[in-house]
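# Structural characterization, general
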Amino acid sequence: DTAVSQTPKYLVTQMGNDKSIKCEQNLGHDTMYWYKQDSKKFLKIMFSYNNKELIINETVPNRFSPKSPDKAHLNLHINSLELGDSAVYFCASSGRGRETQYFGPGTRLLVL
Amino acid sequence: GNSVTQMEGPVTLSEEAFLTINCTYTATGYPSLFWYVQYPGEGLQLLLKATKADDKGSNKGFEATYRKETTSFHLEKGSVQVSDSAVYFCALRDSGGSNYKLTFGKGTLLTVNP
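The paragraphs below set out a description of the structure included in this document. (Residues numbered from 1 in each chain as written. Chains lettered and ligands numbered in written order. Predicted model: local features only at pLDDT ≥ 70, side-chain atom pairs only at ≥ 80, totals over all residues. Heavy atoms only, no water.)

### Some thoughts on the overall build of chain B
We apply this condition: Secondary structure is summarised from DSSP: a helix means a run of H or I of at least four residues, a strand means a run of E of at least two, and numbering begins at the N terminus for each. For the radius of gyration, the atom set is restricted to C-alpha positions; the globular benchmark scales as 2.2 Å times the number of residues to the power 0.38. Throughout, a contact is declared for two residues whenever any of their heavy atoms are within 4.5 Å. Computed with the Shrake-Rupley method and a 1.4 Å probe, the accessible areas treat only the protein chains shown as cover for residues.
A tally of helices and strands in chain B yields zero helices and 12 strands. Helices and strands appear in chain B in the N-to-C order β-β-β-β-β-β-β-β-β-β-β-β. Relative to the compact-globule value of 13 Å for 114 residues, chain B shows a C-alpha radius of gyration of 14 Å, a close match. Principal axes of the C-alpha set define a box for chain B whose edges measure 45 × 30 × 20 Å. Residue pairs at least 24 apart in sequence account for 56% of intrachain contacts in chain B once pairs closer than 6 positions are excluded. With the model as given, the accessible surface of chain B reaches about 5300 Å², and the carbon-plus-sulfur share is 48%.

### Some points on the packing of aromatic side chains
Selection criterion: Two aromatic rings, drawn from Phe, Tyr or Trp (for Trp, its six-membered ring), form a pair once their centres lie within 6.5 Å of each other, and the interplanar angle then sorts them: stacked below 30 degrees, edge-to-face above 60, tilted otherwise. Buried, partly exposed and exposed residues are distinguished by accessible area as a fraction of the type maximum, computed with a 1.4 Å probe on protein chains only: under 20%, between the cut-offs, and over 50%, respectively.
Summed over all chains, the structure comprises 12 aromatic pairs over all chains. Ring centres of Phe90 of chain A and Phe103 of chain A lie 6.5 Å apart, and the angle between their planes is 75°; this geometry places the pair in the edge-to-face category. Remark: Phe103 of chain A occurs in strand S10 (residues 101–103) and Phe90 of chain A occurs in strand S9 (residues 87–94); sequence separation between them is 13 residues. Assigned by exposure class, Phe90 of chain A and Phe103 of chain A land together as buried. Taking 5.6 Å as the distance between ring centres and 40° as the angle between the ring planes, the aromatic pair formed by Phe62 of chain B and Tyr88 of chain B counts as tilted. Taken as a pair, Phe62 of chain B in strand S8 (residues 62–65) and Tyr88 of chain B in strand S10 (residues 86–93) lie far apart in primary sequence, 26 residues in all. A relative accessible area of 2% means that Phe62 of chain B is categorised as buried.

### Observations concerning the sheet that holds S8 of chain B
All names here are of chain B. This is how the line gets drawn: Two strands are counted as paired when DSSP detects at least two bridges linking them. Lines fitted to C-alpha atoms define the axes here, with helix axes fitted over just the stretch in contact, and angles between the N-to-C directions of these axes take values from 0 to 180 degrees.
Ordered in space as S3-S9-S8-S7, the four strands form an open sheet in which the pairing is antiparallel. On the outer flanks of this sheet lie strand S3 (19–21) and strand S7 (56–59), each paired with one strand and no other. Averaged over neighbouring strand pairs, the angle between their axes works out to 15° when direction is ignored. Direction of pairing for S8 relative to strand S9 (residues 75–77): antiparallel, over a ladder of three bridges. The residue bridging Glu63 from the neighbouring strand is Glu76, located in S9.

In structure tokens form, the structure reads like this:
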């Protein structure tokens, strides 16, 4: 059973397009996160939701909009994609104590 | 703000060699400390953690001890295997407030040769 899953795994698109990445967790966790990993492997938090409520919103362009339809899902929509958006995007979730985060396999986004 | 500094890679070792990857941190309050591992083409997996000073986290032969006096959480393994080749991330989670985000170091690429 996959604990944290993301779709798609790979996404290749043109500059200016709008795309979405989906994340689902079946761990019963309340909190979900989006991280961005750049080409040098550096990981940075983007957003976090707890029970569908936004609790972390780092300095991210407003072209990025997270949406949490329920606490098992956290999607990331990106408008007007730019070359610099090329990265690996990881979804993660954590339980009540939020002590340990469990990561999905990542979505590799390439903007041409 | 919080920050994590870990040794620059890449680190290349022969099988059965001793591994140390240094990690130091800056944080307000009393953070929890983590090591995550990312195998090629995969997501991050929790390797070990420690939640208070002098705690030792251990898993799969890896160990790290939470040292408050030196603000460090160095990762060690006595005898590495080829299958340990991966990127290792040190991270902290601050104990204060409602902000539960992880702050990561830049990662250290480990390559173990047979």
